[in-house]
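# Overview (structure and organization)
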Amino acid sequence: MAMIIDGKAISSQIRNEIAEEVAAFTAEHGFAPSLTVIIVGDDPASQVYVRNKEKACTQVGIKSEIIRLPAETEEAELLKIIDGLNKDKSINGILVQLPLPKQINEKNIIAAIDPQKDVDAFSYENTGRIMAGDFDFLPCTPAGVMELLHRSGISVCGKDCVVIGRSNIVGKPMAMLLMHENGTVTVCHTKTKDLKSHTLRADILVSSVGKANFITADMVKDGVVIIDVGINHLHDGKLTGDVDFEGCFEKASAITPVPGGVGPMTVTMLLKNTLTAAKKQN
Ligand code: NAP
């Protein structure tokens, strides 16, 4: 039977620590760290994510502003707004909520954000710095996974780590962070042959696929640590991860639930990055 890694409790503990640091920063500088989030269009999921970010900022004392733009906004207009925010010394972090409408090239937008204010850590500069192991910001979801492991007393050193998924925002940086902590990392994707042969070897398995019930008990070994990054919406409106939680719970030594595992950590790491940005800029 597995230890359940309680992302909600760990996240709340970290948010309390961040709130203390934000209060100290604000007392010292006379202003609070600040985050500006830009949302283009009215995608319902993005609206929820942005509201959650705003709520979390308020909770820890970070000043937040949301810039809401219509779906037909042109790339040039968004670039102009980002340029203004880059130059504004009172703004410490800038986040553009993805996805963007199709007339806007996401790569151009990410590249336009000052790397020192890039609290999502998606820019090529910050991505490169993660590769080199010399970074200020980490992408929020992989950073959240590492915090969950650290705070649950799970060491990565020497372990066989298997990451399923190779996206730029989850899988690739996840693999890099596990490698930095001396894990032996395998990254699997749709072209991987015999996925099960890899998952069965995993001491630590991170699934970031986006398919419900993708990882079943027969695919993992006894004692595995399972981190379920997936978020999947079922027909009945419930949320689930990639992992058959009930089945894998019996074999794993530790497992994250969905909801209440990795999810809460992602916004928490955004708060941490915003505080880091404010400290670096001041
Ligand atoms: P993504 O860009 O769609 O990447 C999915 C990855 O899974 C791809 O690399 C894909 O391989 C791989 N994959 C898909 N089907 C596979 C299969 N049958 N066998 C092996 N690999 C397979 O998604 P993402 O942005 O990384 O997100 C992944 C999941 O994490 C989603 O459910 C997302 O909602 C969730 N997520 C959660 C959080 C959080 O805060 N908890 C944050 C971000 C994302 P190819 O590269 O070969 O296509």
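Each remark here, short or long, concerns the structure printed above.
Residues numbered from 1 in each chain as written. Predicted model: local features only at pLDDT ≥ 70, side-chain atom pairs only at ≥ 80, totals over all residues. Heavy atoms only, no water.

### Comments concerning the pairing of strand β2 (residues 34-40)
Taken residue by residue, a regular strand's side chains alternate between the two faces of the sheet. Rule in force here: Residue exposure (1.4 Å probe, protein chains only): buried if accessible area is under 20% of the type maximum, exposed if over 50%, otherwise partly exposed. Only DSSP runs of H or I with at least four residues qualify as helices, and only runs of E with at least two residues qualify as strands; both kinds are numbered from the N terminus onward. A pair of strands counts as paired when DSSP detects no fewer than two bridges linking them. Every crossover in which the path from the first strand over the helix to the second runs clockwise, viewed with the strands pointing away from the viewer, is termed right-handed.
Across the 7 residues of β2, 7 count as buried, placing the element largely inside the fold. Residues S34, T36, I38 and V40 of β2 are buried on one face, and the alternating residues L35, V37 and I39, pointing to the opposite face, are buried as well. Bridge count for β2 against strand β3 (residues 63-69) is 7 bridges, and the pairing is parallel. Paired with V40 across the bridge in β3 is L69. On the question of chirality, the crossover connecting β2 to the parallel β3 by way of helix α2 (residues 44-60) is right-handed. As paired elements, β2 and strand β4 (residues 93-96) share 4 bridges and run parallel to each other. When the bridges of β4 are listed, L35 appears paired with G93.

### Considering the packing of aromatic side chains
What describes a pair of aromatic rings is the distance from one ring centre to the other and the angle between the planes of the rings. The condition that has to hold: Classification of ring pairs uses Phe, Tyr and Trp, with its six-membered ring standing for Trp, and accepts pairs whose centres are within 6.5 Å; under 30 degrees between planes counts as stacked, over 60 as edge-to-face, and the remaining range as tilted.
In this structure the tally under the stated criterion is 2 aromatic pairs. Judged by centre distance (5.8 Å) and plane angle (80 degrees), the ring pair of F25 and F31 falls under edge-to-face. Judged by relative accessible area, F31 falls into the partly exposed class, the value being 35%. For the ring pair F245 and F249, a centre distance of 5.7 Å and an interplane angle of 25 degrees mean the geometry is stacked. A residue pair is termed a helical-turn pair when its members lie 3 or 4 positions apart in one helix, as F245 and F249 do in helix α9 (residues 245-249) at 4 residues. Among the residues examined, F249 registers a relative accessible area of 16% and is labelled buried.

### Considerations on the packing of helix α1 (residues 7-29) against helix α6 (residues 140-151)
For clarity, the cut-off: Helix axes are fitted to C-alpha atoms over the stretch in contact, other axes to C-alpha atoms as well, and angles between N-to-C directions run from 0 to 180 degrees. Roughly parallel means an angle under 35 degrees; roughly antiparallel, over 145; roughly perpendicular, 65 to 115; everything else is oblique. Residues count as neighbours in contact if any of their non-hydrogen atoms are within 4.5 Å of one another.
Contact geometry of α1 with α6 gives a least axis separation of 11 Å together with a crossing angle of 100 degrees. For the element pair α1 / α6, the angle class is roughly perpendicular. Side by side, α1 and α6 meet where G7, I10, Q13, I14 and E17 of the first sit next to E147, L148 and R151 of the second.

### Details of the nonpolar core
Using the following cut-off: Residues belong to one nonpolar core when they are buried, are Ala, Val, Leu, Ile, Met, Phe, Trp, Tyr or Cys, and are joined through side-chain atoms within 4.5 Å. All the domain ranges listed were derived from an automatic or database domain assignment.
Formed by 51 residues in total, the largest nonpolar core has its most connected members in L35, L149, L178, V206 and I227. With 8 residues, the top contributor of residues to this core is helix α10 (residues 263-281). Both domain 1 (30-114) and domain 2 (140-263) contribute no fewer than three residues apiece to this core. Among residues more than four places away in sequence, those in contact with L178 are M146, L149, V156, C161, V163, G183, V185 and V206. One finds A2, C188, I215 and A252 within the second-largest nonpolar core, a separate group that totals 17 residues.

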